[in-house]
Structure formats: C-alpha cells, structure tokens
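A structural walkthrough
Each chain, written out:
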Amino acid sequence: MTNKLTLSLKEAIIKSGLRDGMTVSFHHHLRNGDYVLNMVMQEIADLGIKNLTVNASSLFDIHKPLCGHIQNGVVTTLMTNYMSAGIGKFISEGGMSNPVQFRTHGGRPSDIVSGNTPIDVAFIAAPASDAMGNCSGKYGKSACGSLGYAIPDAMNAGHVVVITDELVPYPLIDWSISEVYVDSVVKVDSIGNPAGIVSGTTKITRDPVGIEMAMRAADVIKASGLLKDGFSFQTGAGGASLAAAKFLRETMVREKIHGSFGLGGITGFLTEMLEDGCFESLMDVQCFDLKAVESIKNNPRHKEISALHYASPLAKSAVVDSLDVVILGATEIDTDFNVNVHTDSNGFIMGGSGGHSDTAAGAKLSIIIAPLSRARLPIVTDRVNCISTPGSTVDVLVTQKGTAVNPRRPELADRLKDAGVKVIDIHELKALAERISGKPERIRKGGRVVANVIYRDGTVIDRIYSVPTEIE
C-alpha cells in the first residue's frame, strides 16, 4: 500500500502546488495552543510565496506572528470568524491594507461550499492520523476533540495536507476526516499544546453580579415554556452563562425533565448534564475544555458534527434550526437589540461573531446575558459600534438590574411578567446604567475600513473602522 506520508512540511507545501495569490485555510480546534498555523506560514514565507489569502476559522494571540507575514506581503487578505485582541489591535491600527472579512461559523462553510471563498490548500492539524490521512481530534497527545470546523475545508479544498504529531496504524477507524479527501500527511514533533484549547474561562462564576444575572436568565427560560421534555440548549463558556446552565441543570434533575440535545462549543459542564440525563445527546462542533475532549472520545451520545451541520444557512437543515434556547454574551447592545461582540469600548477588534448570530437566528429564544456596565461604561447604548448580531434575532437582554424583552416579542414579555420576572424597557435600562456610570462619549472612528462584518447570509451588515491615530 502506497501511503501519503511526505518527508517534511516543506515538501508537502511544494507538492500542493501552492503559489502566489492562492488561498490557504486553517482550523482553530487547538485554539490558543495551536502551533500549526505559525509553522506552516513560516515555511511558506521561507519558500518566497507571496500575496496569499488566509482563511482561518478563528485566530488567537498565539497566531500573532501572522502580523509579520502581513507586513512583509506573504499575506494580503484575511478571512476569519473570530480574532483575539492581540491580532485585533494590529488590524485596528491599520496594519493591513485590505479589510479583514469576518464571517460567522455558519457563513464560513456556506461560502466555502458555494465557491464564494474557494480554498486552494487546506492545512488540517490532526492529533491522530494514519498514513493515508484518516484523522481524528479525539486521540493522541494533542487531542482536542471535535474537528468540526475543519471538515468543510477538507471536503472542498483543491489540496488537503494533514499535519499530525501521532501516526497510528492504518486504518484509523473512528475518523473525523476520511482519507478520500486527503492528499498528503506530514508527521511533526508537536502540533500544539492541548491545554491551550481551554476557553478564557470554563468555570462557574462566584461573582454576585454574575450569579444574579444567571438566576434571572434561568428564570426567563423556565417562564418561557420551553423548559420541558425535548428541550435543546446552547450556552457559552463564560462564568455567568455556565452559572445559568447550573441553575437549569438543578431544575431539570429535580423535575425529571429530559432534554433532547446540548449544542455548540461543548464544556465539561454540559458533559455532566449529559451524564445526569438532562440531554439525550451532545452535538459538538468544538470542545472548549479537556473534560469535553475525554467525553467525545468515550461517550457515543456525544456526537461530533461539522460546521455545516452546526449552523450553515445553505444546508438543507442545520442543528441551530432546531435549537430552543441559546445564552449569549455581548460587549454592548443597543436599544434596537443589536449586539456587538467584535470590538471593545475603544473600538479595537477583540472578538467576532463565531456562532453568535447563527444561534440567535436559529433559536426559539435567544438571550443576551451581560452586566449593566463594564469598566464603568454602560452596556446599553443608542447604537452599538459594530453590529455583529442584528436585533431582529435577539429576544431578551438579562442584566443584574432587570430583564428587557424585544418589542417584537410582546407575548414573551407577557409570559415573563405573569411568571414574576422583572421586565424593564431597554431604554430604562440604558438610563439606569447612565445614571450609575455616566453617559460615555461616542468613540471617534478613523478614516479607514479595517474589517467588513459579513452576516450568515453573505451580506455585509457593518464595517469596522480603524482606531484614530495622531495623523488622522
């Protein structure tokens, strides 16, 4: 049997036919522990290849060497769904000539499959692979769990290179990506540090404000009428969101409510809910911690799904379309319920939609949970600095001082009031925040567009401008 092993990453890049002006792609399942993107881009730079588009499902501070490749012309276009603050600062200060293209976790695979954003060479970091390219994220010293965001890349790229630090005998049966899509396999010493896959926080908050918000969010879900047998749910990895899930778990166990599925980026807390019988299954596009990695390897009811299956609006159906409730965060929200998760209060890029707008669009009940102010700045504003998720898909804002319901959902507001939930008009929440923290000055925008925010349907819903310099 002829295998696909190449002697080096350099050889694999040369064999791929990569040349100036092409597009390369990467996934982010190793998150801030990923070594592969930097490793590959340095080899590409050493080969003298220029003017590339990098299509990465997300970028983290570990990928800051990418800024140097932008400065020297190796990379001229950047597509991503999320960008952490380190690279975000570079982009916000005008470090790149072409605007970044921000997509959603559902929009990215849709554009790949439709041919709007074709990939010439996909580089797949795989914690385990055989010599023919059957590969998985569940096994090996760098195990990261699901490889859901890499699957559309592998299925649609012109050439696919699997990069692994653990070769296993052929065939690797429990594959995430099949050999039929793989052109070459490269063995390296290490693809990353699995400890880096952990999200910013995967611990339940002990902060009294966070606990208060979590209790209010749980009360909203209970009052909505959706918390019953067959309930489906997604939450983020933030402390308050996990606390809300904790209160839900207690209710579900006490009242013997058996939900259908938990969704999204999966944490150890959701795996515990699965084990407790709160859900029949977990649908996992990304593992947020090592407990989730262990669960997806050992529990057949913890199912790996692709980004297409998760959230693509072009798929014949996606799991977000069957979602009952999602709890999401915000850096700011305006009185029309538009939400910003791309920029901070100074206008610097420090995030991205990810699955935020996908799940808000799909869920029967989308809840934003956020404190009334952060760093003495009100969370509610007249108009967010960047629309990440349109207010037409957001149902409820939960703060420690009260809950606002989108006027488009009057029946929900009535249901919450009848259940004793403290419902306040969002304009009143804004006024209350400003009485406490003062009315902030509107941030001044620079003269350059540094990023386009592309909604899940392919339309540009907002633009992010540079942070002003002294020259501007």
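Residues numbered from 1 in each chain as written. Predicted model: local features only at pLDDT ≥ 70, side-chain atom pairs only at ≥ 80, totals over all residues. Heavy atoms only, no water.

**Some words on the overall build of the protein chain**
Across its full length, the protein chain holds 14 helices and 25 strands. Over its C-alpha trace the protein chain gives a radius of gyration of 22 Å, about what one expects of a compact globule, namely 23 Å for 472 residues. Once the C-alpha set of the protein chain is aligned to its principal axes, its extents read approximately 70 × 60 × 40 Å. By the burial criterion, 61% of the 472 residues in the protein chain qualify as buried. When contacts within the protein chain are restricted to residue pairs at least 6 apart in sequence, those whose partners lie at least 24 apart make up 71%. Carbon and sulfur atoms make up 50% of the accessible area of the protein chain, which totals about 17900 Å². (Helix = DSSP H or I, 4+ residues; strand = E, 2+ residues; numbered from the N terminus. Rg over C-alpha atoms; globule rule 2.2 N^0.38 Å. Buried < 20%, exposed > 50% of the residue type's maximum accessible area, 1.4 Å probe, protein only. Contact = heavy atoms within 4.5 Å. Areas by Shrake-Rupley, 256 points an atom, 1.4 Å probe, with all protein chains shown as cover.)

**Remarks on the pairing of strand β6 (residues 121-126)**
In terms of residue burial, β6 counts as a mostly covered element, since six of its six residues are buried. Here β6 shows a buried face lined by Val121, Phe123 and Ala125 and a second buried face lined by Ala122, Ile124 and Ala126. Relative to β6, strand β2 (residues 23-26) is paired through two bridges, and the arrangement is parallel. Of the residues in β6, the one forming a bridge with Val24 is Val121. Sheet topology places β6 next to strand β9 (residues 159-164); six bridges connect them, and they run parallel. Each residue of the ladder has a partner; that of Phe123, found in β9, is Val161. (Pairing = 2+ DSSP bridges.)

**Considering the packing of helix α8 (residues 239-254) against helix α9 (residues 268-275)**
Axis separation between α8 and α9 bottoms out at 11 Å; the angle between their running directions is 5°. In this view, α8 runs roughly parallel relative to α9, as classed from their interaxial angle. Along its contact with α8, which presents Leu242, Ala245, Lys246, Arg249 and Met252, the element α9 presents Phe269, Glu272 and Met273. Partitioned by chemical class, the residues of the contact of α8 with α9 number five nonpolar, no polar and three charged. (Axes fitted to C-alpha atoms, helices over the stretch in contact; angles between N-to-C directions. Parallel < 35°, antiparallel > 145°, perpendicular 65-115°, else oblique. Nonpolar A, V, L, I, M, F, W, Y, C, P; charged D, E, K, R; others polar.)

**As for a nonpolar patch on the surface**
A surface patch of nonpolar side chains, amounting to about 290 Å² of accessible area, comprises Met155, Val180 and Tyr181. Assignment of secondary structure puts Tyr181 in the loop between β9 and β10 (184-187). Relative accessible area serves as the criterion here: at 32%, Tyr181 is assigned to the partly exposed category. (Patch = residues over 30% accessible without salt bridge, like charges linked within 9 Å, V, L, I, M, F, W, Y side chains within 5 Å. Salt bridge = Lys/Arg side-chain N within 4 Å of Asp/Glu carboxyl O.)

**Points about the nonpolar core**
Formed by 93 residues in total, the largest nonpolar core has its most connected members in Met41, Ile44, Ile91, Phe123, Phe233 and Phe279. Looking at which element gives the most residues to this core, the answer is α8, with eight residues. Aside from chain neighbours lying at most four places away, what touches Ile44 is Ile13, Leu18, Val24, Ile49, Leu52, Val74 and Phe123. The next biggest cluster of nonpolar side chains, apart from the first, holds 34 residues, and it includes Val285, Tyr310, Ala363 and Ala404. (Core = buried A, V, L, I, M, F, W, Y, C linked by side-chain atoms within 4.5 Å.)

**Focus: helix α5 (residues 107-114)**
The buried count for α5 comes to six of eight residues, which makes it a mostly enclosed element. Looking at the packing, one finds that the buried side of α5 touches β2, β3 (52-56), α6 (151-156), α11 (307-311) and α12 (356-362). One or two positions beyond α5, positive phi appears at Gly115, with a value near 90°.

**With respect to the pattern of salt bridges**
Summed over the entire model, instances satisfying the criterion amount to 20 salt bridges. Between Asp395 and Arg409 there is a salt bridge, with its nearest N and O atoms 3.1 Å apart. Within this pair, whereas Asp395 is found in the loop between β21 (380-381) and β22 (396-399), its partner Arg409 is found in the loop between β23 (402-405) and α13 (410-418), the two being separated by 14 residues in sequence. No difference in accessibility class separates Asp395 from Arg409, as the two residues are buried. Linked by salt bridges that have partners in common, Arg249, Glu272, Asp276 and Lys291 make up one network.

**So, the sheet that holds strand β16 (residues 332-334)**
Taken together, three strands build an open sheet; the order of strands is β17-β16-β21 and the sheet is mixed. Looking at the sheet topology across the chains shown, the edges are occupied by β17 (339-340) and β21. Judged from the two bridges that link them, β16 and β21 form a sheet pairing that is parallel. Looking at β21, one finds that Ile333 is bridged to Val380.

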